[in-house]
There are 2 protein chains.
Amino acid sequence: MDDQRQDRRWLETAVAEARRGLAEGGLPIGAALYGADGTLLGQGRNRRVQDGDPSTHAETAAFRAAGRRRSYRGTTMVTTLSPCWYCSGLVRQFEISRVVIGEAETFHGGHDWLAEHGVEVVLLDDPECVAMMRDFTAEHPALWNEDIGDE
Amino acid sequence: MDDQRQDRRWLETAVAEARRGLAEGGLPIGAALYGADGTLLGQGRNRRVQDGDPSTHAETAAFRAAGRRRSYRGTTMVTTLSPCWYCSGLVRQFEISRVVIGEAETFHGGHDWLAEHGVEVVLLDDPECVAMMRDFTAEHPALWNEDIGDE
């Protein structure tokens, strides 16, 4: 399987998490962490609304679900939305090798900064990811602003 | 009370969390988030060992404990140790106004980057914070490396 087909398949895991979050009344953002050998290490979704927890973004949820590890070499963080500074910092600190992003149209986070620091960044421009966020932010602008600390 | 006395008093909250973490067998790093009016909003400690949770650094624990908020304007994140990229990203994304740091001698994280982006950074060079981390990293180097993703 070539890389792009694999990345699109992995994105499906993150999209399924985003859909679950939306169904729960939460922000439709999902993520998954894959190992160098293609093993799914962890997956999760934003839980601000569900748990009243501002610290659980999709990427931090997937990272937590993957548990304690000595190394993130060769791992890929797949996320439905461009990672904010908080989640970009996570990727940089733990030297996650790749980031696959569903979309960066509704929000442009820190992925250029990650690319500058040696992370391989793949932007898939996925229409379903764009539509989920566009609809959600139109319906719940205050919730979205709260999630990214934007007054 | 002048700012520096207040910052040193606030640091005590973070140091108490770090000591608790150490007593639990965890990494001795604590943090607290204070509001613009001096209210303690949340406090916490690194929980990698205690909860097997790599995503809970001291700063993210304090941030989570503060719960959902619309704005972090005027807040101060007090931490016993210079914030890593993950925790620096948290501060930048949520526009936390100030960061008070116990020490940056045993680990130099992203606080210069925060200062460049308008965050007020105060470094207290606290001897107890230095001693806790120096002793811990000497005794448990693998655990410390794991906590910052350093192979």
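See the structure above.
Residues numbered from 1 in each chain as written. Chains lettered and ligands numbered in written order. Predicted model: local features only at pLDDT ≥ 70, side-chain atom pairs only at ≥ 80, totals over all residues. Heavy atoms only, no water.

**Structural notes on the pattern of salt bridges**
- A complete count under the given rule lists 28 salt bridges over all chains for this structure.
- For E12 of chain A, the salt bridge is made with R19 of chain A, and the minimal N-O distance between the two is 3.8 Å.
- Taking the shortest distance from any N to any O, the salt bridge between E128 of chain B and R19 of chain B comes out at 2.8 Å. Of this pair, E128 of chain B sits in helix 6 (residues 127–139) while R19 of chain B sits in helix 1 (residues 3–23), and the two are 109 residues apart along the sequence. (Salt bridge = Lys/Arg side-chain N within 4 Å of Asp/Glu carboxyl O. Helix = DSSP H or I, 4+ residues; strand = E, 2+ residues; numbered from the N terminus.)

**Things to note about the relation of the copies chain A and chain B**
- The two copies are related by a screw operation: chain A maps onto chain B through 180 degrees of rotation and 0.0 Å of translation along the axis, at an RMSD of 0.0 Å. Both copies are brought into coincidence by an operation consistent with a two-fold rotation axis. Using C-alpha coordinates, one finds that chain A approaches the rotation axis most closely at G89 of chain A, a distance of 2.4 Å. (Least-squares fit on C-alpha atoms with pLDDT ≥ 70 in both.)

**A few points about the interface of chain A and chain B**
- The partner chain B presents 35 residues to the 35 residues of chain A that form the contact.
- For the pair chain A and chain B, the summed buried surface comes to about 3300 Å²; carbon and sulfur atoms form 53% of the total.
- The interface formed by chain A and chain B contains 6 salt bridges.
- Here D53 of chain B makes a salt bridge to R64 of chain A, at a shortest N to O gap of 3.3 Å.
- Run the count over chain A and chain B and you get 16 residue pairs in polar contact (both at pLDDT 80 or more).
- Elements with a minimum of two residues in the side of chain A that touches chain B: helix 2 (48–51), helix 3 (58–65), helix 4 (85–93) and helix 7 (141–147) of chain A.
- By residue number, the principal contributor to the side of chain A that touches chain B is helix 4 of chain A, which donates 6 residues.
- Here the side of chain A that touches chain B is composed, by residue class, of 14 nonpolar, 9 polar and 12 charged. (Contact = heavy atoms within 4.5 Å. Buried area = accessible area lost by both parts, 1.4 Å probe. Polar contact = N/O pair within 3.5 Å; in protein donor to acceptor, adjacent residues only side chain to side chain. Nonpolar A, V, L, I, M, F, W, Y, C, P; charged D, E, K, R; others polar.)

**Here we look at the sheet that holds strand 1 (residues 30–34) of chain A**
All names here are of chain A.
- Strand order in this open sheet of 5 strands is 2-1-3-4-5, and the pairing throughout is mixed. Taken across any chain shown, the strands that pair with only one partner, and hence form the sheet edges, are strand 2 (40–45) and strand 5 (120–123). Shown here is a sheet whose adjacent strand axes are inclined to one another by a mean of 15 degrees, direction ignored.
- Across 5 bridges, the pairing between strand 1 and strand 2 is antiparallel. Opposite G30, over in strand 2, you have R45 as the bridge partner. (Pairing = 2+ DSSP bridges. Axes fitted to C-alpha atoms, helices over the stretch in contact; angles between N-to-C directions.)

**Details of the nonpolar core**
- In terms of nonpolar packing, the biggest core is built from 62 residues, with M77 and W144 of chain A together with M77 and W144 of chain B touching the most fellow members.
- Contact partners of W144 of chain B, with chain neighbours within four places excluded, come to L27, I29, L81, F107, M133 and T137 of chain B. (Core = buried A, V, L, I, M, F, W, Y, C linked by side-chain atoms within 4.5 Å. Buried < 20%, exposed > 50% of the residue type's maximum accessible area, 1.4 Å probe, protein only.)

**Brief notes about the environment of G25 of chain B**
- Structurally, G25 of chain B is set in the loop between helix 1 and strand 1 (30–34).
- Between the alpha carbons of G25 of chain B and Q6 of chain B there is a distance of 30 Å; along the sequence they are 19 residues apart.

**A word on unusual backbone geometry**
- Positioned with a positive phi, D125 of chain A is a non-glycine residue whose angle comes to about 45 degrees.
- Here D125 of chain A is to be found in the loop between strand 5 and helix 6 (127–139).
- Phi is positive for E95 of chain B, which is not a glycine, with a value near 55 degrees.
- Note on placement: E95 of chain B falls in the loop between helix 4 (85–93) and strand 4 (98–103).

**Concerning helix 6 of chain A**
Residue and element names in this part refer to chain A.
- For helix 6, which comprises 13 residues, the first-to-last C-alpha distance of 18 Å matches the rise-based estimate of 18 Å (1.5 Å per residue) to within 8%.
- Those residues of helix 6 lying buried are C129, V130, M132, M133, F136 and T137. Along the axis of helix 6, the buried residues cluster in a sector spanning 165 degrees; they form a single face. Across from the buried face of helix 6, at angles greater than 90 degrees, the exposed residues are P127, A138 and E139.
- Turning to helix 6, the residues buried within the fold contact helix 1 (3–23), strand 3 (76–81), strand 4 (98–103) and helix 7.
- For helix 6, the capping residue at the N-terminal end is D126, with a side-chain oxygen 3.2 Å from the backbone nitrogen of E128. (Expected span 1.5 Å × (residues − 1). Arc of directions from axis to C-beta.)

**Quick word on the environment of L11 of chain A**
Residues and elements named next belong to chain A.
- Along the chain, L11 turns up in helix 1.
- The class for L11 is buried, based on a relative accessible area of 2%.
- For the pair L11 and V78, spaced 67 residues apart in the sequence, the C-alpha separation amounts to 6.1 Å.

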